[in-house]
Amino acid sequence: MTEAHERTTAAPPAPEGVCPVTGARAKQVEGPTSFPLSSPVISTVAYASDPPGYSLRAQQNHGTVVKLPILPHNPTVQLSAPDAIRRVLQGNADNYARGAYYEAFELFMGQGLLTLDDGDWRGHRKVVNPAFTPNAIAARGAQSDEAVADLLDRWAEHARAGRPFDLFAESMKLTCRVMGLALVGKDLSQDGGEFAQAVSVALEAIFKNVGSLDKAIPSFVPTPYRRRVARARRTLERVVAEAAQNVDLGVGGEVATLIRESDLPEDALWADLVTLFLAGVETTALSLSWTLYEVARDAGVRERLEEETDRVLRGRMPTAQDLSELGYAGMVVDEGLRMHPPVWQFTREAIGDDVLAGHHIPAGTPLLVSVYGAHYNPEQWEDPERFDPERFRPGASPAQDRSAYLPFGGGRRQCIGKRMGLALLQQTVAAVSGRFRLSLTRDAAREGAFITLFPKGGIQVKAEERHR
Ligand code: HEM
């Protein structure tokens, strides 16, 4: 194209404050303007040392649509305004691609359910969908029942020995078993924690790959971190290879069979299985740990839960059929997911210009949808720092705007495992409350964050059996 042609066809500059595509009047997105926080290097260091804290401070100081000067995709716009989030995920979802941040996910997840853009993604979602319907989840009910029963029996041994244990490590055993059976037909909690470790290391590696200093070290140097990542990859490769073999032998897991027998490309087995493991195992374990942590800290909530479980279950284990009667346990899980959303942010990129909550978003802008910011926004939630399951009482409006609550995302890319995750969480919270009282051995857990929001150093608890 000649320079003259470029000049004649280029769009005329938009009058200031008007989006060139929609023609709507719009403000520029603001962010920190004064040193040191205007400096991308200093901001990136501040962000890396406490990502959720940095994110909330930016929201408090500059609002719910804010420009973050963080590397490597500077500037990135952080969104926690419910109307902006609704437009990105639903109203104008066609204008938002997965974008540059999601490229780092391909390190482990290849081109699959989470990383593909809408066109190619549809086929993958359609193939695995039958394993996530209410009927499919109910058909696997006995697997969850047994896994939860074994978890409680292990905790009973800890209780009798007076031995503290880590809620997060225990929750990972539960989810490695339940997800392993559903996806590849194998209990993946039986390898001394190797699979659980592989999932956590892979998620950390994806987060660090976005902007890690590790990249400054030549790629042939086997740093301890790189050795851990390589080991995690080998573990995941072994699980996927075994899954393929088992499908070929006619004894494959439900999801592995659906993928292997579909028309999806050969590499979809790796991409979609690893995606489902990385998206489902740690997230659900974290929700369980954080929710039980909050229950252990709040005698009032604990007593309400005990009253409900004693009344509904009369000392037996809950099954999927009991969940509709265990409404308070469901509200406790919902509030746990508000206060500690395991996926505390996720990303998109604007394909064309748009206006979000009155702000002009130029084409190509990387976005961080801040679940954490939305869940702690005082304009949306009364006293957001308080753990209060009553917000989720049926018929109540938990937030001013329902798009301010999005632990599972929203729109057509909403989490495929939402129903499965919630059912396991509600069942386990009720089962634990029916049998044990948990107490923390340390006052407060410290939050750390990579892709997920995790308790640094775990959550040490002691269990006491309620009825002996
Ligand atoms: C409490 C547990 C969970 C939480 C908080 C959670 C959260 C989320 C969120 C926020 C998203 C949206 C990401 C985006 O739009 O960019 C998502 C997507 C996804 N989640 Fe979950 N998730 C959970 C459990 C699960 C489980 C159990 C599975 C499967 C076994 C799963 C598999 C997926 C997949 C495959 C996607 C991508 C969906 C798509 O784009 O079609 N998740 N999850």
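Residues numbered from 1 in each chain as written. Predicted model: local features only at pLDDT ≥ 70, side-chain atom pairs only at ≥ 80, totals over all residues. Heavy atoms only, no water.

A. Representation of the overall build of the protein chain. For the protein chain, the count of helices and strands is 18 helices and 12 strands. Each of the three principal axes of the protein chain carries a C-alpha extent, and together these read 85 × 55 × 45 Å. When contacts within the protein chain are restricted to residue pairs at least 6 apart in sequence, those whose partners lie at least 24 apart make up 73%. Carbon together with sulfur atoms contributes 52% to the accessible area of the protein chain, which is approximately 21300 Å² in total. Computed over 52 positive and 59 negative side-chain charges, the separation of the two mean positions in the protein chain equals 3 Å. (Helix = DSSP H or I, 4+ residues; strand = E, 2+ residues; numbered from the N terminus. Contact = heavy atoms within 4.5 Å. Areas by Shrake-Rupley, 256 points an atom, 1.4 Å probe, with all protein chains shown as cover. Lys, Arg positive; Asp, Glu negative; His and termini not counted. Charge placed at Lys NZ, Arg CZ, Asp CG, Glu CD.)

B. Quick peek at the side chain of Arg-98. Here Arg-98 is to be found in the loop between strand S3 (96–97) and helix H5 (100–103). At 2.6 Å, the side chain of Arg-98 forms a polar contact with the backbone oxygen of Leu-114. Apart from residues lying up to four places away in sequence, Arg-98 is in contact with Leu-114, Thr-115, Leu-116, Asp-117, Thr-347, Arg-348, Glu-349 and Arg-413. (Polar contact = N/O pair within 3.5 Å; in protein donor to acceptor, adjacent residues only side chain to side chain.)

C. Structural context of the coordination of the iron atom of the ligand. Among protein residues, the single donor to the iron atom of the ligand is Cys-415 (SG), with a metal-donor distance of 2.3 Å. Here Cys-415 lies in the loop between helix H17 (371–375) and helix H18 (418–435). (Donors = N, O, S within 2.8 Å, 3.2 Å for Na, K, Ca; no water.)

D. Representation of the environment of Val-247 within the structure. Along the chain, the position of Val-247 falls in helix H12 (residues 224–248). With 100 residues separating them in the primary sequence, Val-247 and Thr-347 have C-alpha atoms 34 Å apart. Sequence-distant contacts of Val-247, that is, excluding residues within four places in its chain, are made with Gly-252, Ala-256, Thr-257, Arg-260 and Glu-261.

E. Structural detail: the site of the ligand. Neighbouring the ligand are 26 residues, the closest being Tyr-102, Trp-121, Arg-125, Arg-413 and Cys-415. Separating an oxygen atom of the ligand from a backbone N or O atom of Leu-113 is a distance of 3.3 Å. Contacts to the ligand include Ala-279, whose backbone N or O atom sits 3.4 Å from a nitrogen atom. Counting residues per element, the ones that place at least two in the shell around the ligand are helix H7 (118–128), helix H14 (268–297) and strand S5 (345–350). In terms of residues, the shell around the ligand owes the most to one element, H14, which gives six residues. Looking at the shell around the ligand residue by residue, the classes come out as 16 nonpolar, six polar and four charged. (Near = heavy atom within 4 Å. Nonpolar A, V, L, I, M, F, W, Y, C, P; charged D, E, K, R; others polar.)

F. Seen up close, the sheet that holds strand S1 (residues 65–68). If you trace the five strands from one edge of the open sheet to the other, you get S1-S2-S8-S5-S3, paired in mixed fashion. Pairing within the sheet leaves two strands with one partner each, and these edge strands are S1 and S3. Across three bridges, strand S2 (residues 76–79) lies against strand S8 (residues 366–370) in parallel orientation. Counterpart to Val-77 in the pairing with S8 is Leu-367. Strands in contact with helix H3 (residues 51–62) are S1, S2 and S8; relative to S1, the strand with the most contacts, it is inclined by about 125°. (Pairing = 2+ DSSP bridges. Axes fitted to C-alpha atoms, helices over the stretch in contact; angles between N-to-C directions.)

G. The packing of aromatic side chains, seen in detail. Scanning the model with the defined rule gives 13 aromatic pairs in all. The interplanar angle of 80° and the centroid separation of 5.7 Å between the aromatic rings of Tyr-47 and Tyr-54 together place this pair among those described as edge-to-face. Taken individually, Tyr-47 and Tyr-54 each receive the classification buried, so the pair is uniform in this respect. Among the aromatic residues, those joined into a ring-pair cluster are Trp-155, Phe-165 and Phe-436. For Arg-304, the ring lying beneath its charged end belongs to Tyr-328, and the centroid distance is 4.1 Å. (Phe/Tyr/Trp six-rings, centres within 6.5 Å; stacked < 30°, edge-to-face > 60°. Buried < 20%, exposed > 50% of the residue type's maximum accessible area, 1.4 Å probe, protein only. Lys NZ or Arg CZ within 6 Å of the ring centre and 35° of its normal.)

H. Local environment of the pattern of salt bridges. According to the stated counting rule, one finds 31 salt bridges in the structure shown. Between Asp-118 and Arg-413 there is a salt bridge whose closest N-O contact spans 2.9 Å. Here Arg-413 lies in the loop between H17 and H18 and Asp-118 lies in helix H7, a separation of 295 residues in the sequence. When its relative accessible area of 15% is taken as the criterion, Asp-118 is described as buried. Within this structure, Arg-302, Glu-303, Glu-306, Asp-310, Arg-437 and Arg-466 form a network of salt bridges that share partners. (Salt bridge = Lys/Arg side-chain N within 4 Å of Asp/Glu carboxyl O.)

I. Here's a closer look at the sheet that holds strand S4 (residues 165–166). Within the open sheet, the three strands sit side by side as S4-S12-S9. Their pairing is antiparallel. Both edges of this open sheet fall to S4 and strand S9 (436–440), since each of them pairs with a single strand only.

J. Inspection of the environment of Val-21 at higher detail. Locating Val-21 in the fold gives a position in the loop between helix H1 (3–9) and helix H2 (40–49). Judged by its relative accessible area of 58%, Val-21 is exposed. With 248 residues separating them in the primary sequence, Val-21 and Leu-269 have C-alpha atoms 40 Å apart.

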